[in-house]
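Letter by letter, the chains look like this.
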Amino acid sequence: MSKTTILIGFMGAGKTTVGKVLANITNQPLLDLDDEFTRGTKLSPKEFMEQLGEEEFRTTETRILKSQLDFDGIISTGGGVVESELNRQLIRDSSAQVIYLKTSLANVLERLSHDNVRPMLRKMSVIDLQNCWNRRGIFYQLLSNVTIETTNKNPTKIAREIIDFEQQHDELLPLRSQIDSLDRQIFNLVSQRFDVVREVASVKEQLHASVVQTERMDEVRAELKNDFSDNSNISEQLIEEMMNILFSSSIQRENEQIKKVD
Ligand SMILES: Nc1ncnc2c1ncn2[C@@H]1O[C@H](COP(=O)(O)OP(=O)(O)O)[C@@H](O)[C@H]1O
Ligand SMILES: O=C(O)C1=C[C@@H](OP(=O)(O)O)[C@@H](O)[C@H](O)C1
Ligand SMILES: [Mg+2]
């Protein structure tokens, strides 16, 4: 599993709650940025904001985030952490697995209907809240490696989904890296093939030979099918489809090249 997992999402999405459950199940340490904030400033986010204002809160939040980004475990953030570009940059630059806990605004309001520790929620009008929701929603989406829909799921189910994602991710990562490298080799070869196609077009032009030579194309397909007949990865259909793409792209290039010279 990746070293650091960061939970992001709106107030009331369950970052703190799910963080605790996830830490319990996976036996990893948990760091709640709001708790860390209180440890560092001796004031809760609510007290701090009331005494020193939101701007100062955000500056201090950034300092705390910065100092904890290589935390070896789970970090549950405060919902407003994405408000600052610097925080977003810090999260982007970290190697952490970023999990977006998504829920509906209606759900948040229901969950937090009796809340009295979230000053942001209290001070906002419905329209401000909706705007804040929309603005932050985009950031959560862009910053995260995965979105976990939390509506109607209990924290254990959500934690299990995160574990599944991270395990899958760990197993898939080296394999995907191999696939990515092979894809690049394939496209380098395709590029080399088109270099040769360019030379073929020049020769055809000098010889006044036609660009499309169907017997030659049939021959190429037949030879490939024969040569790969023992290879169970390469079916005749695959050869047909891939060669059709290569042929049509080559014909188009040859035609364009010969037309250009005319
Ligand atoms: N999946 C869930 N289903 C129902 N209630 C939840 C869920 N996750 C959190 N809650 C409740 O919502 C409230 C806010 O949760 P919290 O973890 O503090 O959210 P956050 O840290 O994202 O602001 C708490 O009362 C918590 O018990
Ligand atoms: O959304 C916000 O701006 C805030 C969210 C809070 O954390 P939770 O998201 O855990 O409620 C806390 O950091 C502070 O009250 C500000
Ligand atoms: Mg929280």
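What counts as what
Residues numbered from 1 in each chain as written. Chains lettered and ligands numbered in written order. Predicted model: local features only at pLDDT ≥ 70, side-chain atom pairs only at ≥ 80, totals over all residues. Heavy atoms only, no water. UniProt positions renumbered as here; feature names shortened; annotations may be inferred. Near = heavy atom within 4 Å. Polar contact = N/O pair within 3.5 Å; in protein donor to acceptor, adjacent residues only side chain to side chain. Areas by Shrake-Rupley, 256 points an atom, 1.4 Å probe, with all protein chains shown as cover. Helix = DSSP H or I, 4+ residues; strand = E, 2+ residues; numbered from the N terminus. Contact = heavy atoms within 4.5 Å. Buried < 20%, exposed > 50% of the residue type's maximum accessible area, 1.4 Å probe, protein only. Arc of directions from axis to C-beta.

You'll find the protein entered in an unreviewed UniProt entry as Shikimate kinase. Check the Catalytic activity (unreviewed entry) section of the UniProt entry for the protein; it says "shikimate + ATP = 3-phosphoshikimate + ADP + H(+)". The heading Function (unreviewed entry) in the UniProt record of the protein holds the text "Catalyzes the specific phosphorylation of the 3-hydroxyl group of shikimic acid using ATP as a cosubstrate."

A. Highlighting the site of ligand 2. Taken together, 15 residues are adjacent to ligand 2, and Asp34, Arg58, Gly79, Arg118 and Arg136 come closest. Here an oxygen atom of ligand 2 sits 2.7 Å away from a polar atom, N or O, in the side chain of Arg58. In this structure, an oxygen atom belonging to ligand 2 sits 2.7 Å away from a side-chain N or O atom of Arg136. Relative to its free-state accessible area of 380 Å², ligand 2 is covered by the protein chains to the extent of 97%.

B. How the structure looks around the side chain of Gln68. Among the secondary structure elements, Gln68 is positioned in helix 3 (residues 45-68). The contacts of Gln68, once residues within four sequence positions are left out, are Leu31, Glu36 and Ile75.

C. A look at helix 2 (residues 33-41). Of all the residues in helix 2, the buried ones are Leu33, Glu36 and Phe37. The buried side chains of helix 2 occupy one side of the element, clustering within an arc of 105 degrees when seen end-on. Buried residues in helix 2 make contact with strand 2 (30-32), helix 3 and strand 3 (74-76). Just past helix 2, the residue Lys42 takes up positive phi, approximately 65 degrees.

D. View of the UniProt feature "binding site: substrate" (unreviewed entry) in the protein. Here, UniProt's "binding site: substrate" (unreviewed entry) annotation points to Asp34, Arg58, Gly79 and Arg136. With respect to the helices, strands and loops of the structure, Asp34 is situated in helix 2. A relative accessible area of 25% means that Asp34 is categorised as partly exposed.

E. Molecular detail of the site of ligand 1. Near ligand 1, the surroundings consist of 14 residues, among which Gly12, Lys15, Thr16, Thr17 and Lys153 are the closest. At 2.8 Å from an oxygen atom of ligand 1 is found a main-chain nitrogen or oxygen belonging to Gly12. Thr16 is positioned with one of its side-chain polar atoms (N or O) 2.8 Å from an oxygen atom of ligand 1. Relative to its free-state accessible area of 550 Å², ligand 1 is covered by the protein chains to the extent of 71%. Contributions of two or more residues to the shell around ligand 1 are made by helix 1 (15-26) and helix 8 (155-207). The dominant element in the shell around ligand 1, judged by the number of residues it contributes, is helix 1, at three residues.

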